[in-house]
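Residue strings, one per chain:
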2 protein chains.
Amino acid sequence: MVVFDGFELLDAFGPLEMFGLLKDTVEILIIGQHHGTVKSNAGPSVVIDRTFEEIEKLDILMVPGGGGTRQEVNNQPFLDALKKLGERTPHVASICTGSAILAKTGLTDDVKATTNKRAYQWATSQSDQVLWIKEARWVEDGKFFTSSGVSAGTDMGLALIEKLFGHDEAIKTANAAEYIWNENPHDDPFAKLNGLVD
Amino acid sequence: MVVFDGFELLDAFGPLEMFGLLKDTVEILIIGQHHGTVKSNAGPSVVIDRTFEEIEKLDILMVPGGGGTRQEVNNQPFLDALKKLGERTPHVASICTGSAILAKTGLTDDVKATTNKRAYQWATSQSDQVLWIKEARWVEDGKFFTSSGVSAGTDMGLALIEKLFGHDEAIKTANAAEYIWNENPHDDPFAKLNGLVD
């Protein structure tokens, strides 16, 4: 999970909770541009485990959203490092306005993607090369998974677990977290609530 | 939010996400026994903002669960500091097996409470003075809110927001996080799934 100042807490820690429940097979790393700590949008700070340069091999790269995305879409060294890492990682995911950052790197050119439904105009304005989808809890296209706002990332995380480890493992993981998984990527009440669809 | 080594990520950051969305009125602090950082069950580490001794006034005290609770129920200085802080805080909440820690302090003697449904036997064995409830997404009793496992804490967090700021604000917060709030504290499919009720 990549983080930056002003990242959204649940964007990062919803999916990571689900992967954390597979911890015999999964190692979680918090990736940042620099060593030290990074402060979330809500206040709490997390520790950077590795900088971009220190990552040798990664199976899944995830990018959260949050107020800080407004800075990061203009942070060229960050975007360059993220693009380089994304190109050599077999699964790339974003949560909420994290898709605006992915869009800005060009990684998702010609890729179907979604984003936060309240910040839809801002996020989609970051690139007209992305095939933006208005109504979706999350979108899978090739190696990319992009989710709708905040808590949609947890549902998408379970979909990624389903893809990698099977449906039974995804259900087992959701049950372990006492989480009722929205398994249907097309079930997105928040597109309508925010006036994006009729 | 109190943390300790081996705390469960979503226990802490699910409710804090919801309170974080009220950040014009709410300040979030991560509280620990000592300064420095604390490693979650899943791996990521968070920064301690204040030690117990440094807290002057607190409106809400929250305690997460996680594998680390097995150590903390035997950590007497931690339990003593938590009890002292809990006694002078108007709202006290736990998520998942965090209720086992509250139980061990004695704060919840004669209080109705619930806990994680897979770790129910272990958690409830920490005190026979608590009025344990098998089937509940969360339980409110006086100043105490205790939730069921992991993601139930997010539903309870919204219930606490409802209590403090009203129903409209809770719905607005859930919508901002694109979260479908389980508003009914009695809707707990995981009690049955784990064989606690027929």
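The residue count restarts for each chain, going from 1 along the sequence in the order it is written. Chain letters start at A and ligand numbers start at 1, both assigned in the order the entries are written. In keeping with the predicted nature of the model, local features appear solely for residues at pLDDT of at least 70, side-chain atom pairs appear and are counted solely at 80 or more, and the whole-chain, interface and lining totals rest on all residues. Heavy atoms throughout the structure, all of them, feed into the side-chain values; hydrogens and water do not.

Quick word on the overall build of chain A
The condition is simple: Counting from the N terminus, the helices are the DSSP runs of H or I reaching at least four residues and the strands are the DSSP runs of E reaching at least two. Throughout, exposure labels follow a simple rule: accessible area from a 1.4 Å probe, protein chains only, divided by the maximum for the residue type, with under 20% read as buried, over 50% as exposed, and the rest as partly exposed. Only the protein chains shown count as covering a residue, and every accessible area follows the Shrake-Rupley method with a 1.4 Å probe. Residues scored as charged are limited to Lys and Arg (positive) and Asp and Glu (negative), so that His and the chain ends carry no count. A charge is said to be at NZ when it belongs to Lys, at CZ for Arg, at CG for Asp and at CD for Glu.
From N to C terminus, chain A includes 8 helices and 10 strands. With respect to the three principal axes, the spread of C-alpha positions in chain A is 40 × 40 × 35 Å. Among the 198 residues that make up chain A, the fraction classed as buried is 61%. When the accessible area of chain A is evaluated, it comes to approximately 7,800 Å², of which 46% is carbon and sulfur surface. Separation of charge centres in chain A, based on 18 positive and 29 negative side chains, amounts to 3 Å.

Details of the side chain of Ser99 of chain A
Residues and elements named next belong to chain A. This is how the line gets drawn: In this description, contact between two residues means that some pair of their heavy atoms is separated by no more than 4.5 Å.
When you line up the elements, Ser99 lands in helix H4 (residues 98-105). Under the relative-accessibility criterion, Ser99 is labelled buried at 2%. When near neighbours in sequence (up to four residues on either side) are disregarded, Ser99 contacts Ser94, Thr114, Thr115, Trp132 and Thr146.

Comments concerning the nonpolar core
For clarity, the threshold we go by: We define the nonpolar core as a collection of buried residues of types Ala, Val, Leu, Ile, Met, Phe, Trp, Tyr and Cys that are connected through side-chain atoms lying within 4.5 Å of one another.
The biggest cluster of nonpolar side chains holds 116 residues, and the ones touching the most others in it are Phe7, Phe13 and Leu82 of chain A together with Phe7, Phe13, Phe19 and Leu82 of chain B. The contact partners of Phe13 of chain B, leaving out residues within four places of it in the chain, are Leu9, Leu10, Phe13 and Pro44 of chain A together with Phe7, Ile30 and Val46 of chain B.

Quick notes on the packing of aromatic side chains
Filter applied, for reference: For Phe, Tyr and Trp, where Trp contributes only its six-membered ring, two rings pair if their centres lie within 6.5 Å, and the inter-plane angle classes them as stacked under 30 degrees, edge-to-face over 60, or tilted in between. Criterion for a charge above a ring: Lys NZ or Arg CZ within 6 Å of the ring centre, and within 35 degrees of the ring normal.
Using the criterion set out here, one finds 7 aromatic pairs over all chains in the structure. Ring centres 6.2 Å apart and planes at 75° place the aromatic pair Phe7 of chain A and Phe13 of chain A in the edge-to-face group. Residue class for Phe7 of chain A comes out buried when judged on its relative accessible area of 0%. Among the residues examined, Phe13 of chain A registers a relative accessible area of 1% and is labelled buried. Through pairs of rings, three or more aromatic residues link up here, namely Phe7 and Phe13 of chain A together with Phe7 and Phe13 of chain B. One cation-aromatic arrangement involves Arg70 of chain A over Trp122 of chain A; the distance from NZ or CZ to the ring centre is 4.0 Å.

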